[in-house]
Amino acid sequence: LNRRPTPKLGGYAGLAALGLFGALVAERPELVALAAPFAVLAALGLALARPPEVAVELALEVERVFEGEELEPVLTVESRTGVADLELVLLLPPGLEAADGSNATALRLAPGERRELPVKLTVDRWGGYLLGDLVLRARDPLGLVHWEARLDRRRPLKAYPRPARVDELLQPAQTQVFSGNYVSRERGEGIEFADLRPFAPGDRVRRVNWRASARRGELWVNEYHPERNADVVVFLDTFSEAAGERESTLDLSVRAASAFVGHYLRHKDRVGFVAFGGRLNWLQPRTGVAQLYRIVDALVDAEIVLNYAWSDVDVIPRQTLPPRSLVVALSPLLDDRAVSALLDLRGRGFDLALVEVSPHPFVEPGQDERARLAHRLWLLQRDALRARFERAGVAVGTWDADTSLVGALEEVRSFRRSAGRVHA
Amino acid sequence: VLAAPVVYSALATPRAPGPVAGLGIAGVALLIVGAVVGASDVVAGGIALAGSSYLLLVLVGEGGVDLRAPLVAGALVLAAELAYSALEPPLAPAAPAVRALRAGRVAVTVVGAFGVAALVLFASVAELGSPAVLQAVGIVAAVAALGMLALLARRLT
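Computed from a predicted model, the values in this text were never measured in an experiment. Numbering of residues starts from 1 in every chain and runs along the sequence as written. Chains carry letters from A onward and ligands carry numbers from 1 onward, assigned in written order. At least 70 in pLDDT is required for a residue's local features to be given in this predicted model, at least 80 for side-chain atom pairs to be given and counted, and no such filter applies to totals for whole chains, interfaces and linings, which use all residues. The side-chain quantities take in all heavy atoms of the structure and omit both hydrogens and water.

1. Looking at the sheet that holds strand 10 (residues 121-123) of chain A
All names here are of chain A.
Here's step 1: Only strands that DSSP links by at least two bridges are regarded as paired with each other. Labels follow the DSSP assignment, with helices taken as runs of H or I lasting at least four residues and strands as runs of E lasting at least two, numbered in each case from the N terminus. Reading across from one edge, 4-10-7 is the order of the three strands in this open sheet, with antiparallel pairing throughout. Edge positions in the open sheet fall to strand 4 (70-71) and strand 7 (96-98), since each of these has one partner strand only.
Here's step 2: As paired strands, strand 4 and strand 10 are joined by two bridges and run antiparallel to one another. Bridging from a neighbouring strand, glutamate 70 pairs with threonine 122 of strand 10.

Here it is in structure tokens:
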């Protein structure tokens, strides 16, 4: 603890000195009577000032929470010497807020007393946090001396994004070889009827369609569509964002990505992740719960890193974008590098679906005529950009905080159906 | 709180009420300005000016010792305690027990200040020795008090 005399100590010493010398000069005992209390208080304060011994620990029961949830870390304060007046502040990083409005407390500790102080916090935003920066201030009994310290009791806390509501997934155009939940276009072992064909040596008897065989006078067998899984890559544009006071396009993108990843992994698909921006982050497609945690951890670390270097899709490792995979991109379409990379992916034959996380709600049209005109031109440019994607065969669904992601996905699904990219 | 000794000085003085009141009002104004802008030196200056107005009262007075000096000392200490509390806003909202403790501390300080001032005044009017001896004791006490403060402050910092 760093000892620091308060301004009061200097003030009292000065008043005492002034009063005592004034009394000597004026030869008036009344002035001694005025000065003596200040002198006695200053002397007593200094004589009684003993550095307190305070130990503070932070216990954090959970290391992972969801955005919007509450958590209650417990501060344990103990003092061997006792403290007359102790103030304790738990510094909160942006994104965490005190649920009851206060992250600080003042208390008195008797010698040897141990106190547990729960602090109720609300997680306002997803992200990785280090919680446990503490400021501690103790006062002597007369308030003339302070002891201050900044303690580092930081514990990691991961706040996962609250997944956006998604009812139905985007169907991939092509499936992979492993069994899953999508009816494949291929023919093979399955339960979904595909077609009839003449019997061939090696066909199993159970596949013979007896009614068709009786009608045609020769053996015909049923063909089926097998159920297969798909490879899905969630592509997150982290080049730039449009942000308001409480939310940004990146926040929305991360929530949507979290929802997609969870849904596709539950459908036994292999899901990969690419955060494409100032800093590249990727995870190869895999299945299972472990992959869900891997991707969500990567999402929590997603941030906008300012970078002027040109990046294209060649920097993404090949294994991260397997052939025949469905790429679901989430982008505010604000950076040319992201736009170019997405069009490049489409040009390389990937099945690309784009959810445009709209920056429009974050951009005010402006006050004067010129600013309003610029805003209209910007909106037209964005319309043209969307049209460019659609001409390239990329379905674009627009989503913002005021609309439902379900609606944006329906927009994408409708385009893909009309463009014939996905069979019904 | 600081206005009370100032009003007392201005009303009790038989001569020159204007300068006494002027000094006192300047002291109160300085204290308010210091507390508002957060300047501790200005606060001390305000209390010193208010004390000076009382000094003027006793200097222009009849010549006897003013036995109300301990009350003035208590008021000055109370004003100083409140002003310095305002200068250092708390980091945290205090629990009722801590608030009561702080209020109790101020009360004990004010009562103690009154007691110390009364003791000093009693020692001066009781004529425990010749005036020369008393003056010498006063000088030694003043120097010793300042020396002790300086020593303690040095050890502290």
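2. A few points about the pairing of strand 19 (residues 281-286) of chain A
All names here are of chain A.
Here's step 1: Bridging between strand 18 (residues 270-277) and strand 19 involves four bridges; their strand directions are antiparallel. Across the sheet, residue valine 271 finds its bridge partner in strand 19, namely arginine 286.
Here's step 2: What sits between strand 18 and strand 19 in their antiparallel hairpin is a turn of three residues.

3. With respect to the pairing of strand 15 (residues 220-225) of chain A
All names here are of chain A.
Here's step 1: Residue exposure (1.4 Å probe, protein chains only): buried if accessible area is under 20% of the type maximum, exposed if over 50%, otherwise partly exposed. With six of six residues buried, strand 15 is to be regarded as a mostly interior element.
Here's step 2: Of the two faces of strand 15, both are covered, the one formed by Trp220, Asn222 and Tyr224 as well as the one formed by Val221, Glu223 and His225.
Here's step 3: Both strand 14 (residues 192-198) and strand 15 contribute to a ladder of six bridges, which runs antiparallel. Across the sheet, residue arginine 197 finds its bridge partner in strand 15, namely valine 221.

4. A closer look at the nonpolar core
Here's step 1: Throughout this description, the term nonpolar core refers to a set of buried Ala, Val, Leu, Ile, Met, Phe, Trp, Tyr and Cys residues connected via side-chain atoms within 4.5 Å. The biggest cluster of nonpolar side chains holds 72 residues, and the ones touching the most others in it are Tyr12, Phe38, Val56, Leu75 and Leu86 of chain A together with Ile47 and Leu76 of chain B.
Here's step 2: With ten residues, the top contributor of residues to this core is helix 4 (residues 69-87) of chain B.
Here's step 3: Whether two residues are in contact is decided by their heavy atoms, any of which lying within 4.5 Å being enough. Dropping the residues within four chain positions of it, valine 56 of chain A is found in contact with Leu75, Thr76, Val77, Leu88, Leu134, Leu136, Leu151 and Arg153 of chain A.
Here's step 4: Ala164, Val166, Leu283 and Ala298 of chain A belong to the second-largest nonpolar core, a separate cluster that totals 41 residues.

5. Structural notes on the confidence of the model for chain B
Residue and element names in this part refer to chain B.
Here's step 1: pLDDT measures the predictor's confidence residue by residue and takes values from 0 up to 100. Summing up the model confidence of chain B, the mean pLDDT is 78 and the portion of residues at 70 or higher is 89%.
Here's step 2: Confidence scores differ between elements of chain B, with helix 6 (residues 131-156) showing the lowest mean pLDDT of 69 and helix 4 the highest of 86.
Here's step 3: Both scores are given for the predicted complex: the pTM is 0.68, the ipTM 0.83.

6. Details of the packing of helix 4 (residues 249-266) of chain A against helix 5 (residues 289-300) of chain A
A packed helix pair is summarised by two numbers, namely the angle formed by the two axes and the spacing between the axes.
Residue and element names in this part refer to chain A.
Here's step 1: Where helix 4 meets helix 5, the axes come as close as 10 Å, and the angle between the chain directions of the two elements is 175 degrees. Of the possible angle classes, the one that applies to helix 4 and helix 5 is roughly antiparallel. Together, Val254, Ala257, Ser258, Val261, Gly262 and Leu265 of helix 4 and Gln291, Leu292, Ile295 and Leu299 of helix 5 make up the contact between the two elements.
Here's step 2: Gly is put with the polar residues, along with every residue not named as nonpolar or charged; the nonpolar set is Ala, Val, Leu, Ile, Met, Phe, Trp, Tyr, Cys and Pro, and the charged set is Asp, Glu, Lys and Arg. When grouped by side-chain class, the residues that make up the contact of helix 4 with helix 5 number seven nonpolar, three polar and no charged. Between N-to-C directions, angles cover 0 to 180 degrees, with each direction set by a line fitted to C-alpha atoms, over the stretch in contact for helices. Note on terminology: angles under 35 degrees are roughly parallel, angles over 145 are roughly antiparallel, angles of 65 to 115 are roughly perpendicular, and the others are oblique.

7. Quick look at the confidence of the model for chain A
Here's step 1: In the predicted model, chain A carries a mean pLDDT of 86, and the fraction of residues at 70 or more is 99%.
Here's step 2: Taking the mean pLDDT of every element in chain A, the minimum, 77, falls on strand 1 (residues 2-5) of chain A and the maximum, 94, on strand 20 (residues 326-331) of chain A.

8. Thoughts on the packing of aromatic side chains
Here's step 1: Pairs were defined over the aromatic rings of Phe, Tyr and Trp, the Trp ring being its six-membered one, requiring ring centres within 6.5 Å. Orientation was assigned from the angle between planes: stacked under 30 degrees, edge-to-face over 60, tilted for the rest. Here the structure, examined in full by the defined rule, presents five aromatic pairs over all chains.
Here's step 2: Ring plane angle 75 degrees and centroid distance 5.1 Å describe the contact between tyrosine 12 of chain A and phenylalanine 38 of chain A, whose orientation is recorded as edge-to-face. Taken together, the residues tyrosine 12 of chain A in helix 1 (residues 7-26) and phenylalanine 38 of chain A in helix 2 (residues 29-48) connect sequence positions 26 residues apart. Summarising the burial analysis for this pair, tyrosine 12 of chain A and phenylalanine 38 of chain A share the class buried.
Here's step 3: Seen in terms of ring centroids, tyrosine 12 of chain A and tyrosine 84 of chain B are 5.9 Å apart; in terms of plane orientation they differ by 75 degrees. Their pairing is edge-to-face. With tyrosine 12 of chain A in helix 1 and tyrosine 84 of chain B in helix 4, this residue pair bridges two chains.
Here's step 4: An aromatic cluster of three or more residues is present, and its members are Tyr12 and Phe38 of chain A together with Tyr84 of chain B.
Here's step 5: As a reminder, the over-ring test applies to NZ of lysine and CZ of arginine, requiring each to be within 6 Å of the ring centre and within 35 degrees of the ring normal. Sitting above the plane of the tryptophan 126 of chain A ring, arginine 125 of chain A keeps its charged end 4.3 Å from the centroid.
Here's step 6: For the cation-ring pair, arginine 216 of chain A lies above tryptophan 220 of chain A, with the distance from its terminal atom to the ring centre recorded as 4.2 Å.

9. Observations regarding the sheet that holds strand 20 of chain A
Residues and elements named next belong to chain A.
Here's step 1: Across the sheet, six strands lie side by side as 19-18-17-20-21-22; this open sheet has mixed pairing. The open sheet has two edge strands, strand 19 and strand 22 (395-399), and neither has a second partner. With direction set aside, neighbouring strand axes in the sheet form an average angle of 20 degrees.
Here's step 2: In this structure, strand 20 lies alongside strand 21 (residues 351-357), joined through six bridges in parallel fashion. From the neighbouring strand, leucine 330 faces strand 21, where its bridge partner is valine 355.
Here's step 3: Of the strands in this sheet, strand 17 (231-238), strand 18, strand 19, strand 20, strand 21 and strand 22 are in contact with helix 4, which crosses strand 17 at around 170 degrees.
Here's step 4: Of the strands in this sheet, strand 21 and strand 22 are in contact with helix 7 (residues 369-391), which crosses strand 22 at around 145 degrees.

10. What about unusual backbone geometry?
Here's step 1: Despite not being glycine, lysine 268 of chain A has its phi angle at roughly 65 degrees, a positive value.
Here's step 2: If you trace the backbone, lysine 268 of chain A turns up in the loop between helix 4 and strand 18.

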